[in-house]
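# Examination of the molecular architecture
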Amino acid sequence: MKYAFPLFCLFCMTGCLTENKIDKISGSFQALNLMSYIKAYPESDIPDDAYSSAYAEHVRLKDVSANKRFENEWEAMGPFNTAGRTLAVAVNPQSDSTLYAGSASGGLWRSRKLGLERSWEYVNTGFPVLGVSAIEFAPGDSMTMYIGTGEVYNYYDTGTDGAFRRTRGSWGIGILRSRDGGMTWEKSLDWSYNQKHGVWMIKVSPVNPQIVFAATTDGIYKSIDGGDNWTNVLPVIMGTDVDINPVNDNDVLAAFGNFNTPGKGIYRTLDGGSTWNLVSQTTVQDFNGKILIARAPSNPNRIYASVGNGFSFNDGFTWLLRSADGGTSWSIINTVDYSRWQGWFSHDIAVAPDDPDELIAVGIDVWKSTDGGINLFQRSSGGVTLDTPPIDGPDGPPLYSHSDHHFVIYHPTIKDLVLLGNDGGVFLSYDRAQSFRSANGGYQSTQYYNGFSISTQDSSFAIGGLQDNSTSIFRGSDAWQRAIGGDGSWSAINTIDDNRVFGSWQNLNLRGSTDRGQSWFSINIPYGPGESPLFIAPYALAPSSPNILYACGIYVYRTEDHGQSWTVTNGNFPLNGDPIFAIDIARNDPNVVYVSTVPINNLPAVYKTSNGGQSWDQTGDILPVRVPNDIAIDPIDNARAYICFSGFGTNHLFTTDDGGGSWHALDSELPDVPGNAIAIDPLNPDIIYYGTDLSVYVSQDKGQTWDVFDTGLPPAVIAMDLKISPTDRKLWVATHGNGTYRVPVVSSIVSVEKDPFKPGIKVYPNPSSDFIRVIHEDPSCFKGNWCLFDQSGRRVACRQIDESLSVVDLVKGVYYTEIRCGNSLLKTIPVVIQ
């Protein structure tokens with residue numbers, strides 16, 4: 001049972017709940033728990049220096065790859081009208097319209113136009129910054145700024161059962177500082193080798209800008225020299241906020257909590273951090289969420305605190321506290337539950353600069369009080385808006401602000417303007433939270449999951465699932481369509497008729513469309529006993545027979561009529577009782593399928609069927625005890641496949657040449673970091689692309705050697721999926737934090753036989769616009785035949801050796817021929833139809 005997963009976390013990770021189970025868990029909790037578990041397994045957490053060490057190795061390999069001089073440069077593809085989870089927003093103190101936004105796993109962003117128009121741009125710090133959880137300027141100084149990194153909601157030493165796993169969104173490197181307005185950056189509090197910790201708040205003293213406090217998961221840190229050196233002045237774990245009295249920087253408040261950590265509550269020091277007193281524990285004794293603090297700018301003694309509780313739909317609770325004496329004593333002023341099931345995750349408060357009785361409390365939605373918190377009134381409606389909002393917004397009607405708010409402030413100088421950060425990016429209110437609008441033009445920070453799809457016929461048609469931002473559809477415009485709702489999950493596009501597409505939301509809730517995603521209908525899978533698919537569960541269409549679809553929970557389901565009817569494969573039995581996380585189907589045979597399971601009750605396993613699921617065989621047992629993330633079958637040779645794994649401390653990328661009988665590692669020279677995605681060039685299967693938690697790599701010799709393939713990408717991206725668009729020969733990466741990018745594939749020379757008299761096997765003329773013919777000069781092969789396949793793997797036609805095929809009606813592009821003698825495959829040759 002060393003690798004068994006606690007029952008409560010199994011409940012959190014899976015989602016088809018029956019009525020006798022406790023109650024529905026927060027989707028954000030399920031998603032983050034699944035991500036944390038996958039990266040850490042089989043350990044309880046990631047190593048302290050895991051990503052830092054891997055990034056150093058990545059930089060070394062990049063220096064070596066620089067000699068290759070790849071001309072291919074990644075192009076940002078958006079979505080530019082949809083943004084991802086945003087943890088912090090800050091205003092340049094010397095430029096009213098310049099905003100900075102901290103994304104959860106997409107780094108630091110800046111807009112010089114209040115986020116309006118298409119004005120957001122990525123700020124390259126020169127470091128592998130993913131989650132930016134705090135942004136702070138020195139008062140009145142636009143040149144000196146700090147950012148805190150890492151989205152970490154729990155401390156690694158707390159809790160003993162599954163409910164208290166190490167829930168995090170992204171890793172951090174401590175605190176970075178810039179002294180030239182964000183042009184260059186340096187490490188201030190260096191946690192490169194302590195990356196399980198995160199920074200939640202940074203405050204600079206209004207009295208002395210050399211004094212800086214930071215609330216971190218490791219306690220309250222203080223610097224007296226502008227961030228050159230730091231001291232942990234209050235080593236209570238899970239610091240969530242810190243506040244400095246604007247007229248006396250010896251008077252500081254600090255908040256602690258989340259996941260019922262020891263020492264939770266509000267502390268106060270009156271001597272600059274030498275001594276602290278716990279001042280609020282008796283006010284709210286039993287809470288499980290985090291605490292956020294807001295001081296009234298017009299009355300420094302008036303302070304509010306937001307205390308959350310919930311993890312599930314039935315245990316939500318929020319306490320709004322108020323202090324009239326600078327934080328010495330507190331009272332509960334309101335218990336309206338605005339944080340609800342997200343008390344551990346998303347809530348905050350802000351006080352109007354000119355009125356200590358006006359405050360905004362945010363959680364799932366936005367609430368406002370004008371009487372000191374006694375009465376709170378809901379001002380916004382959330383959820384996810386669908387259709388295709390314009391790049392400059394707004395995303396929805398005047399009362400719409402995306403759900404799950406993490407941050408709120410009143411603009412320090414623009415009267416009546418309120419800034420919000422939520423799971424849909426940055427939102428503005430010009431009337432003190434009476435109405436709202438999005439401000440996300442160009443803010444490419446969406447978080448994709450695996451299961452991204454591209455049309456085999458139209459390079460301007462793609463679809464993928466986003467964290468808390470529905471299913472996103474690319475139609476050739478920078479403004480992507482939103483469809484279905486919830487957390488978007490896997491997708492699929494029919495390889496023959498791309499009017500027929502599939503999308504989904506969490507827990508394998510499958511939807512179909514026959515008009516390219518303009519409208520959707522439900523597809524009901526008749527679940528087997530005890531079925532409970534993962535929060536993000538896979539399914540796939542057979543490329544050569546796209547009426548066939550496989551969907552995966554703990555069972556593998558198969559349909560041959562686009563989802564109208566289903567059979568349960570494997571004789572109606574699960575493969576091993578654990579849910580499936582990855583799948584791939586052979587390009588030219590719908591009956592050859594590989595899947596992999598997440599280790600919950602058993603060790604991780606990889607299974608293969610060659611008969612459409614009538615039976616499944618477990619493949620070789622030398623693979624690492626890690627979570628298998630992705631599988632890719634060679635487009636020509638079904639006996640060759642690749643698989644990549646998450647976790648640390650082992651190889652991550654493996655291949656088989658014998659249909660899974662044996663495996664060997666391919667990534668010995670690559671960084672030790674979770675592997676997420678594999679793509680194989682269908683015209684030259686020697687070329688493999690590999691996506692990890694750091695970047696994208698390419699091999700031109702089936703994985704024997706590797707090069708960094710990241711020109712145009714941020715210093716670090718979580719590459720969740722890789723897909724090749726066959727019509728324009730471009731590779732797409734769907735990232736978890738920076739949306740999508742695409743790049744021309746590495747040049748692969750198509751073998752063109754122009755001399756029909758050259759001995760051996762020939763395809764001619766090649767290229768052709770009239771006919772093609774295959775000849776084989778070995779007279780012993782008197783029963784030879786050849787078949788033509790398109791890039792989706794669909795068989796176009798078959799002919800006898802030396803028999804011609806007219807190609808005048810075929811779509812222009814690259815195809816490939818399979819040449820056989822009897823049942824033996826002799827050769828595969830690409831052919832160009834022009």
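Residues numbered from 1 in each chain as written. Predicted model: local features only at pLDDT ≥ 70, side-chain atom pairs only at ≥ 80, totals over all residues. Heavy atoms only, no water.

Looking only at helices and strands, one finds four helices and 65 strands in the chain. Expected size for 834 residues packed as a compact globule is a radius of gyration near 28 Å; at 28 Å, the chain falls within 12% of this value. The principal-axis extent of the C-alpha atoms belonging to the chain is close to 100 × 55 × 45 Å. The buried share of the chain, reckoned over its 834 residues, is 65%. Looking at the chain alone, contacts between residues at least 24 apart form 55% of all its contacts between residues at least 6 apart. Accessible surface for the chain amounts to roughly 27900 Å². Of this, 48% is attributable to carbon and sulfur atoms. (Helix = DSSP H or I, 4+ residues; strand = E, 2+ residues; numbered from the N terminus. Rg over C-alpha atoms; globule rule 2.2 N^0.38 Å. Buried < 20%, exposed > 50% of the residue type's maximum accessible area, 1.4 Å probe, protein only. Contact = heavy atoms within 4.5 Å. Areas by Shrake-Rupley, 256 points an atom, 1.4 Å probe, with all protein chains shown as cover.)

The subject of this paragraph is the environment of Asp-286. With respect to the helices, strands and loops of the structure, Asp-286 is situated in the loop between strand 19 (277–278) and strand 20 (291–296). Assessed through its relative accessible area of 58%, Asp-286 is described here as exposed. Counting along the chain gives 226 residues from Asp-286 to Gly-512, while the straight-line C-alpha distance between them is 45 Å. If near-sequence neighbours (up to four positions away) are discounted, Asp-286 is found in contact with Lys-264, Asn-309 and Trp-319.

So, on to the pairing of strand 58 (residues 740–744). For strand 58, a buried count of four out of five residues is recorded, marking the element as mostly surrounded by other parts of the structure. Both strand 1 (residues 75–78) and strand 58 contribute to a ladder of three bridges, which runs antiparallel. Of the residues in strand 58, the one forming a bridge with Gly-78 is Thr-740. Examined bridge by bridge, strand 57 (residues 730–735) and strand 58 share five bridges and lie antiparallel to one another. In the strand pairing of strand 58, Lys-730 is matched with Pro-744. Counted between consecutive antiparallel strands, the loop separating strand 57 from strand 58 contains four residues, among which Gly-737 sits at a positive phi close to 140°. (Pairing = 2+ DSSP bridges.)

Attention shifts here to the pattern of salt bridges. The full count for this structure, using the stated rule, is 34 salt bridges. Put simply, Lys-113 and Glu-117 hold a salt bridge, and the shortest N to O gap is 3.0 Å. (Salt bridge = Lys/Arg side-chain N within 4 Å of Asp/Glu carboxyl O.)

Compared with an ideal rise of 1.5 Å per residue, which puts 16 residues at 22 Å, helix 3 (residues 50–65) spans 22 Å between its outermost C-alpha atoms and is within 8% of the ideal. Taken as a whole, helix 3 has its buried residues at Ala-50, Tyr-51, Ser-52, Ala-54, Tyr-55, His-58, Leu-61 and Ser-65. On its buried face, helix 3 is in contact with helix 2 (27–40), strand 54 (696–699) and strand 55 (707–708). (Expected span 1.5 Å × (residues − 1).)

What follows is about unusual backbone geometry. Between Tyr-41 and the following residue, Pro-42, the backbone shows a cis peptide bond with an omega angle of 5°. In this fold, Pro-42 is placed in the loop between helix 2 and helix 3. Looking along the chain, the bond that leaves Asn-766 and enters Pro-767 is cis, with omega of 10°. Tracing the backbone shows Pro-767 in the loop between strand 59 (761–764) and strand 60 (771–776). The phi dihedral of Met-238 is positive, around 65°, even though this residue is not glycine. Along the polypeptide, Met-238 turns up in the loop between strand 15 (231–234) and strand 16 (239–245). For Met-238, a relative accessible area of 0% corresponds to the buried category. Non-glycine residue Ala-433 carries a positive phi angle of around 70°.

Turning our attention to the sheet that holds strand 36 (residues 492–493). Backbone hydrogen bonds hold the strands of a sheet together, and the pairing may be parallel or antiparallel. The four strands lie next to each other as 36-37-38-39, forming an open sheet whose pairing is antiparallel. The sheet terminates laterally at strand 36 and strand 39 (521–523), the two strands that pair on one side only.

Turning to the sheet that holds strand 2 (residues 86–91), a few remarks are in order. The four strands lie next to each other as 2-3-4-5, forming an open sheet whose pairing is antiparallel. Edge strands, defined here as strands with exactly one partner in the open sheet, are strand 2 and strand 5 (120–123). Adjacent strand axes in the sheet meet at a mean angle of 25° when their direction is disregarded. Examined bridge by bridge, strand 2 and strand 3 (residues 99–103) share five bridges and lie antiparallel to one another. Along strand 3, the bridge assignment pairs Thr-86 with Ser-103. (Axes fitted to C-alpha atoms, helices over the stretch in contact; angles between N-to-C directions.)

In this section: helix 2. For helix 2, which comprises 14 residues, the first-to-last C-alpha distance of 20 Å matches the rise-based estimate of 20 Å (1.5 Å per residue) to within 8%. The buried fraction of helix 2 is high, at 13 of 14 residues.

Glancing now at the pairing of strand 60. Here is the key point about a regular strand: its side chains alternate between the two faces of the sheet. Two strands pair when backbone bridges link them, and strand 59 and strand 60 are joined in this way by four bridges, in the antiparallel orientation. Considered in strand 60, the bridge of Ile-761 is made with His-776. In textbook terms, the turn of a hairpin is the stretch between consecutive antiparallel strands, and for strand 59 and strand 60 this stretch comprises six residues.

Moving on, we get to the confidence of the model for the chain. Averaged over all residues, the pLDDT of the chain is 90; the fraction at 70 or higher stands at 92%. Segment residues 1–22: pLDDT under 50, and 57 contacts once partners within four positions in sequence are set aside and those in other chains are kept. Here residues 158–165 is modelled with pLDDT under 50, and outside its nearest four sequence neighbours on either side it reaches 24 contacts, counting other chains as well. (pLDDT = per-residue confidence, 0-100.)

Our focus in this paragraph is the packing of aromatic side chains. Between two aromatic rings, the relevant description is the distance of the centres plus the angle of the planes. Scanning the model with the defined rule gives 34 aromatic pairs in all. Ring geometry for Phe-256 versus Tyr-267: centroids 5.2 Å apart, planes at 80°, classification edge-to-face. Note that Phe-256 is positioned in strand 17 (residues 248–256) and Tyr-267 in strand 18 (residues 265–269), a separation of 11 residues in sequence. Seen from their ring centres, Phe-259 and Phe-311 are 4.9 Å apart, and the 65° between their planes marks the pair as edge-to-face. Taken together, the positions of Phe-259 in the loop between strand 17 and strand 18 and Phe-311 in the loop between strand 21 (299–308) and strand 22 (318–323) put the pair 52 residues apart, joining distant regions of the chain. For the pair Phe-259 and Phe-311, one class covers both residues: buried. Members of the aromatic cluster, joined through ring pairs, are Phe-29, Tyr-153, Trp-200, Phe-259, Phe-311, Trp-344 and Phe-345. Note that Arg-118 overlies the ring of Phe-80, its terminal NZ or CZ placed 4.1 Å from the centroid. (Phe/Tyr/Trp six-rings, centres within 6.5 Å; stacked < 30°, edge-to-face > 60°. Lys NZ or Arg CZ within 6 Å of the ring centre and 35° of its normal.)

With respect to the helices, strands and loops of the structure, Phe-648 is situated in the loop between strand 49 (641–645) and strand 50 (653–656). Distance from Phe-648 to Asp-672, taken between C-alpha atoms, is 6.0 Å for residues 24 residues apart in sequence. Among all residues touching Phe-648, those that are not within four sequence positions of it are Lys-39, Ile-46, Pro-47, Ala-50, Tyr-51, Arg-626, Asp-672, Val-673 and Pro-674.

To continue, consider the side chain of Thr-559. With respect to the secondary-structure elements, Thr-559 resides in strand 42 (residues 556–559). Thr-559 sits in the buried class, given a relative accessible area of 1%. Here Gly-563 takes part through its backbone nitrogen, which lies 2.9 Å from a polar atom of the side chain of Thr-559. Ignoring sequence-local partners within four residues, the contact set of Thr-559 consists of Asn-547, Ile-548, Leu-549, Gln-564, Ser-565 and Trp-566. (Polar contact = N/O pair within 3.5 Å; in protein donor to acceptor, adjacent residues only side chain to side chain.)

The next point concerns the state of the cysteines. Taken as a whole and assessed by the stated rule, the structure comprises one disulfide. Between the sulfur atoms of Cys-787 and its disulfide partner Cys-798 the distance amounts to 2.0 Å. Since a negative S-S torsion denotes a left-handed disulfide, the Cys-787-Cys-798 link at about 105° is right-handed. On the criterion of sequence distance, the pair formed by Cys-787 in strand 61 (residues 784–789) and Cys-798 in strand 62 (residues 795–800) is long-range, its members being 11 residues apart. Free of any disulfide, Cys-644 has its nearest neighbouring cysteine sulfur in Cys-552, separated by 16 Å. Given a relative accessible area of 0%, Cys-644 falls into the buried group. (Disulfide = S-S within 2.5 Å.)

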